[in-house]
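Below, each chain spelled out in residue letters.
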Amino acid sequence: MEKTFVFRTVPRILFGVGSRRHLAEEAAKLGSRAFFMASRTPLERGDLDDLVSSLRASCAQVEICPGPSGEPELAYVEQARAQCRKAGCDVVIGIGGGSVLDASKAVAALVHEPSTVREIFDGQPVTQTGVPFIALPTTAGTGSEVTPNSVLSDPDRLIKQSIRGETYWPRLVINDPQLTVRVPIQVKVWSGADALVQAVESFTSLGSNHLTDASAFESFRLLVGNIEKIAQGTEEIEPHIAMADGSMLAGIALANARLGAVHGVAHPMGIRYRIPHGLCCAILLPPVMRFNEPVVREKYERLSAVVQAPVIEWIADLFRRMGIPPDFRGYRIPRSDMDILIRESLPSGSLKANPRPVSAADLTEILRAILPD
């Protein structure tokens, strides 16, 4: 018998090439003073001028905020929130990769909150309603456009974690795959790898159910059929459509099922050693899958049928072909830091959702395979 579960996602999604042209009319339905946070490179080179112009024609005010230069840190989000509050904005628009979407999502949710962003990050409850948020992803990777959480970093304490809740859901997603075409190849590779990891982990998570399985499985099928074309530099639109769709489906799945040990370890490892998130997840995936195989063999067989090969080794070989290394040799992570990484990983909610219970000894064995002497 199917266990009792709740399945949630965003109220509305506009998906398809050219869908970004609806931004101005949709934003005007939600507010009149827009806070527009966007990735710096497309903003500076003028790629978004048409969107800004149309917004200015439909809104009384458009406040421009360049997105974070890297992963969103608490100080950046606090500063952006102050800018949004001072301008009196009543709708927030985020256009960019996961970092921009997570930062703008937090700004929208917390703009009226009296507590500091750090206090919320440390567990203080949200007491005030935010403003509507519209998400436009420009990478096929994190799925942040369809999740009720914002992943933030505190570099002073080397903590990276999610703040989550009902207030963080976007009101509208506009997913235009055309926005992903001009993204640098390396970003596409790492983002695509992250999406693939999320599809696998949400498919096998303890929180999975038949609805998340359907989303995660279709995500896996779309991603594995197109990610290598993206890595090879194609600018054809069809693979970009499939990747954008697959990434969004993985986000829908993980928002309801959670993830697993890969993400439980990737957050502390990534912030401590400044490893790009998608790359970190890709390196961790094969050893974690080998660890989980005894308890999710039937699901791995279903994934193997898609790629027509044993799925774990197929993914490991795919990542090698995409230029992703099999271990962290290039980051010179000392073996002596394993105890720190394990201690920081064990409290993770993602680790707790892993299909096979993970002990400190288990993490030691997993890390030994990818932390060379």
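Provided above is the structure to which this section pertains.
None of the values given here were measured: they were computed from a predicted structure.

## Some words on the sheet that holds strand β8 (residues 172–175)
Sheet architecture is open: six strands sit in the order β1-β8-β5-β4-β2-β3, paired in parallel fashion. Strand pairing shows two members of the sheet lacking a second neighbour, β1 (12–15) and β3 (61–66), which therefore form its edges. Pairwise comparison of adjacent strand axes, ignoring direction, gives a mean angle of 15 degrees for this sheet. With five bridges connecting them, strand β2 (residues 33–38) and strand β4 (residues 91–96) associate as parallel partners. Paired with Ala 38 across the bridge in β4 is Ile 95.

## Looking at the environment of Ala 195
Here Ala 195 lies in helix α7 (residues 185–204). Distance from Ala 195 to Leu 223, taken between C-alpha atoms, is 7.8 Å for residues 28 residues apart in sequence. Not counting the four nearest positions on each side in its chain, Ala 195 is found in contact with Ala 140, Gly 141, Leu 223, Ser 247 and Ala 250.

## Section: the pattern of salt bridges
Opposite charge on two side chains permits pairing when their charged atoms draw close. Applying the stated criterion across every chain yields a total of 22 salt bridges. Asp 47 is the partner of Arg 45 in a salt bridge, and the nearest nitrogen-oxygen pair spans 2.4 Å. Residue class for Arg 45 comes out partly exposed when judged on its relative accessible area of 39%. Notably, a salt bridge pairs Glu 313 with Arg 290, separated by 3.1 Å at the nearest N-O pair. Of this pair, Glu 313 sits in helix α14 (residues 311–321) while Arg 290 is found in helix α12 (residues 277–292), placing the two residues 23 residues apart along the sequence. Overlapping salt bridges bring together Arg 118, Asp 122, Asp 154, Asp 156 and Arg 157 as one network.

## Side note on the packing of aromatic side chains
Enumeration over the complete set of coordinates arrives at one aromatic pair. Ring centres of Phe 203 and Phe 217 lie 6.0 Å apart, and the angle between their planes is 45 degrees; this geometry places the pair in the tilted category. You can see Phe 203 sitting in helix α7 and its partner Phe 217 sitting in helix α8 (residues 210–224), a full 14 residues away along the chain. For Phe 217, a relative accessible area of 25% corresponds to the partly exposed category. A cation over an aromatic ring shows up here: Arg 302 above the ring of Phe 217, its NZ or CZ 5.6 Å from the ring centre. The lysine or arginine in question, Arg 356, covers the ring of Phe 291, its NZ or CZ lying 4.1 Å from the ring centre.

## Notes on helix α13 (residues 297–307)
Residues Lys 299, Tyr 300, Leu 303, Ser 304 and Val 307 constitute the buried set of α13. An end-on view of α13 places all buried positions within 145 degrees of arc, on one side of the element. Opposite the buried face of α13, by more than 90 degrees, sit the exposed residues Glu 301 and Ala 305. The elements touched by buried residues of α13 are α7, α8, α12 and α14. Phi turns positive, to about 60 degrees, at Gln 308, one or two residues after α13.

## Re the pairing of β8
When a strand is regular, its side chains alternate between the sheet's two faces. Burial along β8 is two-sided: the residues Leu 172 and Ile 174 and Val 173 and Asn 175 are all buried. As defined by bridge partners, β1 adjoins β8 across four bridges and the pair is classed as parallel. Within β8, the position partnered with Arg 12 by the bridge is Leu 172. With two bridges joining them, strand β5 (residues 133–137) and β8 adopt parallel strand pairing. In the sheet register, Ile 134 faces β8, and the bridge partner there is Leu 172.

## Notes on the environment of Ala 106
Tracing the backbone shows Ala 106 in helix α5 (residues 98–110). Considering only alpha carbons, one finds Ala 106 and Cys 59, 47 residues apart in sequence, at a separation of 22 Å. For Ala 106, the contacting residues outside a window of four places in its chain are Val 77, Ser 150, Leu 152, Ile 163 and Tyr 168.

## A word on unusual backbone geometry
Here Leu 158, not a glycine, exhibits a phi torsion of approximately 55 degrees, which is positive. Here Leu 158 shows up in the loop between β6 (149–154) and β7 (159–164). Of note in the backbone geometry, Arg 274 takes a positive phi value of approximately 55 degrees without being a glycine.

## Points about the nonpolar core
Ranked by internal contacts, the top residues of the largest apolar core, which has 60 residues, are Phe 220, Met 269, Ile 315, Phe 319, Ile 324, Phe 328 and Leu 367. Broken down by element, this core gets its largest block of residues, ten residues, from α12. Of all hydrophobic cores here, the second largest spans 29 residues; its members include Leu 74, Val 92, Ala 106 and Val 131.

Basis of the calculations
- Residues numbered from 1 in each chain as written.
- Predicted model: local features only at pLDDT ≥ 70, side-chain atom pairs only at ≥ 80, totals over all residues.
- Heavy atoms only, no water.
- Pairing = 2+ DSSP bridges.
- Helix = DSSP H or I, 4+ residues; strand = E, 2+ residues; numbered from the N terminus.
- Axes fitted to C-alpha atoms, helices over the stretch in contact; angles between N-to-C directions.
- Contact = heavy atoms within 4.5 Å.
- Salt bridge = Lys/Arg side-chain N within 4 Å of Asp/Glu carboxyl O.
- Buried < 20%, exposed > 50% of the residue type's maximum accessible area, 1.4 Å probe, protein only.
- Phe/Tyr/Trp six-rings, centres within 6.5 Å; stacked < 30°, edge-to-face > 60°.
- Lys NZ or Arg CZ within 6 Å of the ring centre and 35° of its normal.
- Arc of directions from axis to C-beta.
- Core = buried A, V, L, I, M, F, W, Y, C linked by side-chain atoms within 4.5 Å.

Bear in mind that shape data such as this cannot, by itself, settle questions of function.
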